[in-house]
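# A closer look at the structure
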Amino acid sequence: MRIGVLTAGGDCPGLNAVIRSVVHRAVVGHGDEVIGFEDGFKGLLDGYYRPLDINAVSGILARGGTILGSARMERARLHEAAENAQELAKRYGIDALIPIGGEGTLTAARMLSDAGMPVVGVPKTIDNDISSTDRTFGFDTAVMVATEAIDRLKTTAESHQRVMVVEVMGRHAGWIALESGMAGGAHGICLPERPFEVDALVKMVEERFSRGKKFAVVCVAEGAHPAEGSMPYEKGAIDQYGHERFAGIGNRLAVELERRLGKEARPVILGHVQRGGTPTAYDRVLATRFGWHAVEAVHRGDFGNMTALRGTDIVMAPLAHAVTELKTVPEERMYEAESVF
């Protein structure tokens, strides 16, 4: 068989581990040929690809990013790809395509599948918001990076009697903020799933200072927003890919807390550092398992599905189910976190 693989959307620790696993299982296990499309779906549409053999993926297991490159694509071009799905498969002589990506990539994968291209998806997102899988690779690494940042910021916050507002990734799902906030012992966590009350954060900080604790750390997801009327706040515009541009809630919340408390508050925006660098052992293992099972699904003809983690098992889940709704933080998990503040 000839299998195509691509990585699309935002980069993520563990992408190279999936590529490596796909090549090893396909080439060594089945005698297949693997080609990698460069820069996501752009490579598929514009004909940029290269062969991937064992030598091509040597030494990439621990590397962050993706050796194939990644890019977002306008919706019009994705529709173009879907309209020409069968022709594209014939053009490159591929018997299957394994796209690795998040919600947008899996949506495009479903479009290609519905149009007749043999597709097996692999879910990727540090936000951990794909509903059909218990976990996505990259999430563990992002949580570890954010947790270490909170640990480090606590000491400098205490030394200078400051409030630190740590903004982490999480556009519509607050899993990184929830778990890094819990692991790092943050004193407040703000998630996109529920508007936060600025008065409650002010009260928390004041109570800490009254008990002799002269610092506080608040972990806030980039997509978190205040309760209506609780502080000045405007939503960002929509970019060319249909994504909301967030207006920097970490900066805004720090300014508001400093104004109300009369105490120094500093924003710390972790940003893309959460996506970069070496993946954790957990993410390497999960990514490797996803790649292995994706190739097996191709050989079974199990198309129109994606790999998914259920408990400790890797199963196949329909792409149609994967993109119907995001997996957000449930109320009971918020309650758990709040109970240990």
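Keep in mind that this is a model prediction, so the values were computed, not measured. (Residues numbered from 1 in each chain as written. Predicted model: local features only at pLDDT ≥ 70, side-chain atom pairs only at ≥ 80, totals over all residues. Heavy atoms only, no water.)

## Side note on the UniProt feature "binding site: Mg(2+)" (unreviewed entry) in the chain
Residues annotated by UniProt as "binding site: Mg(2+)" (unreviewed entry) correspond here to E103. Apart from the residues lying within four places of it in its own chain, the contact partners of E103 are I130, V323 and L326. (UniProt positions renumbered as here; feature names shortened; annotations may be inferred. Contact = heavy atoms within 4.5 Å.)

## A short note on the packing of helix α8 (residues 198-210) against helix α9 (residues 249-261)
Running from N to C, α8 and α9 point in directions that differ by 60°, and their axes come no closer than 10 Å. Between α8 and α9, the interaxial angle falls into the category oblique. Relative to α9, the crossing made by α8 is right-handed. Side by side, α8 and α9 meet where V198, D199, L201, V202, V205 and E206 of the first sit next to L253, E256, L257, R260 and L261 of the second. For the contact of α8 with α9, the per-class residue count stands at 7 nonpolar, no polar and 4 charged. (Axes fitted to C-alpha atoms, helices over the stretch in contact; angles between N-to-C directions. Helix = DSSP H or I, 4+ residues; strand = E, 2+ residues; numbered from the N terminus. Parallel < 35°, antiparallel > 145°, perpendicular 65-115°, else oblique. Left-handed = near helix turned anticlockwise from the far one by under 90°. Nonpolar A, V, L, I, M, F, W, Y, C, P; charged D, E, K, R; others polar.)

## Quick notes on the packing of aromatic side chains
We describe a pair of aromatic rings using the distance from one ring centre to the other and the angle between the two ring planes. Under the defined criterion, the tally for this structure stands at 4 aromatic pairs. Aromatic pair F37 and Y92: ring centres 4.9 Å apart, planes at 70°, arrangement edge-to-face. Of this pair, F37 sits in strand β2 (residues 33-37) while Y92 is found in helix α4 (residues 85-92), placing the two residues 55 residues apart along the sequence. Comparing F37 with Y92, the two get one shared label, buried. On the basis of relative accessible area, Y92 is assigned to the buried category, the value being 4%. Linked through ring pairs, F37, Y49 and Y92 together constitute an aromatic cluster. (Phe/Tyr/Trp six-rings, centres within 6.5 Å; stacked < 30°, edge-to-face > 60°. Buried < 20%, exposed > 50% of the residue type's maximum accessible area, 1.4 Å probe, protein only.)

## Examining the pairing of strand β1 (residues 2-7)
Most of β1 is tucked away, with 6 of its 6 residues classed as buried. Of the two faces of β1, the one lined by R2, G4 and L6 and the one lined by I3, V5 and T7 are each fully buried. Read from β1 through helix α1 (residues 15-30) to β2, the crossover connection turns out right-handed. Pairing geometry for β1 and strand β4 (residues 96-101), over 5 bridges, is parallel. The partner of V5 across the bridge, within β4, is I98. (Right-handed = clockwise from strand over helix to strand, strands pointing away. Pairing = 2+ DSSP bridges.)

## As for helix α3 (residues 75-83)
Looking only at α3, the buried set comprises L78, A81 and A82. Across the axial projection of α3, the buried residues extend over an arc of 100°, all falling on one side. Those residues of α3 that are exposed and aimed more than 90 degrees away from the buried face are A76 and E83. In this structure, the buried residues of α3 make contact with α2 (41-46), α4 and α5 (103-114). (Arc of directions from axis to C-beta.)

## Some words on the environment of I269
Among the structural elements, I269 can be located in strand β9 (residues 265-269). Sequence spacing of I269 and T105 is 164 residues, and the spatial spacing of their C-alpha atoms is 26 Å. Beyond its immediate chain neighbours, meaning those up to four positions away, I269 contacts E167, G250 and N251.

## Observations regarding the packing of helix α7 (residues 175-184) against helix α12 (residues 331-339)
The geometry of α7 relative to α12 is characterised by a closest axis approach of 10 Å and an angle of 25° between their N-to-C directions. The angle between α7 and α12 falls in the class roughly parallel. The hand of the α7/α12 crossing is left-handed. Residue-level inspection shows W175, L178, E179 and M182 of α7 in contact with α12, the latter providing R333, M334 and A337. Of the residues assigned to the contact of α7 with α12, the class counts are 5 nonpolar, no polar and 2 charged.

## Some remarks on the side chain of R2
Mapping R2 onto the fold places it in strand β1. A residue is classified by how much of its surface remains accessible, and R2, at 18% relative accessible area, is buried. Within the local environment of R2, its side chain forms a polar contact with the side chain of E33, the two groups lying 3.1 Å apart. Those residues within four positions of R2 in sequence are excluded, and the remaining contacts are E33, I35, Y49, Y92, G93, I94, D95 and A96. (Polar contact = N/O pair within 3.5 Å; in protein donor to acceptor, adjacent residues only side chain to side chain.)

## Notes on the sheet that holds strand β8 (residues 216-221)
The 4 strands are arranged β7-β8-β6-β9 in an open sheet whose pairing can be described as parallel. The sheet is open, and its two edges are formed by β7 (188-190) and β9, each paired on a single side. Pairs of neighbouring strands in the sheet enclose a mean axial angle of 20°, with direction left out of account. Where strand β6 (residues 163-168) lies against β9, 5 bridges are found, and the strand directions are parallel. Following the sheet pairing, V166 is matched in β9 by V268.

## Some details on the nonpolar core
Across soluble globular proteins, nonpolar side chains have a tendency to be buried as a group. Formed by 60 residues in total, the largest nonpolar core has its most connected members in I98, I100, V122, F137, V168 and I176. Broken down by element, the residue count for this core peaks at 8 residues, all from helix α6 (residues 139-160). If we ignore the near neighbours within four places in the chain, the residues touching V122 are V18, I98, P99, I100, G101, L106, F137, F290, A294 and T307. Judged by nonpolar contacts, the second largest core, of 29 residues, contains F37, M73, I130 and M306. (Core = buried A, V, L, I, M, F, W, Y, C linked by side-chain atoms within 4.5 Å.)

## Observations concerning the pattern of salt bridges
Counting across every chain of the model gives 18 salt bridges. Linking R91 and E87 is a salt bridge whose minimum nitrogen-to-oxygen distance equals 3.3 Å. Taken together, the residues span about one helical turn, with R91 and E87 both in helix α4 at a distance of 4 residues. The exposure class assigned to R91 is partly exposed, which follows from its relative accessible area of 47%. Note that R162 is salt-bridged to E264, the shortest N-O span being 3.0 Å. Here E264 lies in the loop between α9 and β9 and R162 lies in the loop between α6 and β6, a separation of 102 residues in the sequence. The exposure class of R162 is buried, given its relative accessible area of 13%. Residue classification places E264 among the partly exposed positions, given a relative accessible area of 30%. Several salt bridges converge on common partners, so that one network encompasses R135, E179, R333 and E336. (Salt bridge = Lys/Arg side-chain N within 4 Å of Asp/Glu carboxyl O.)

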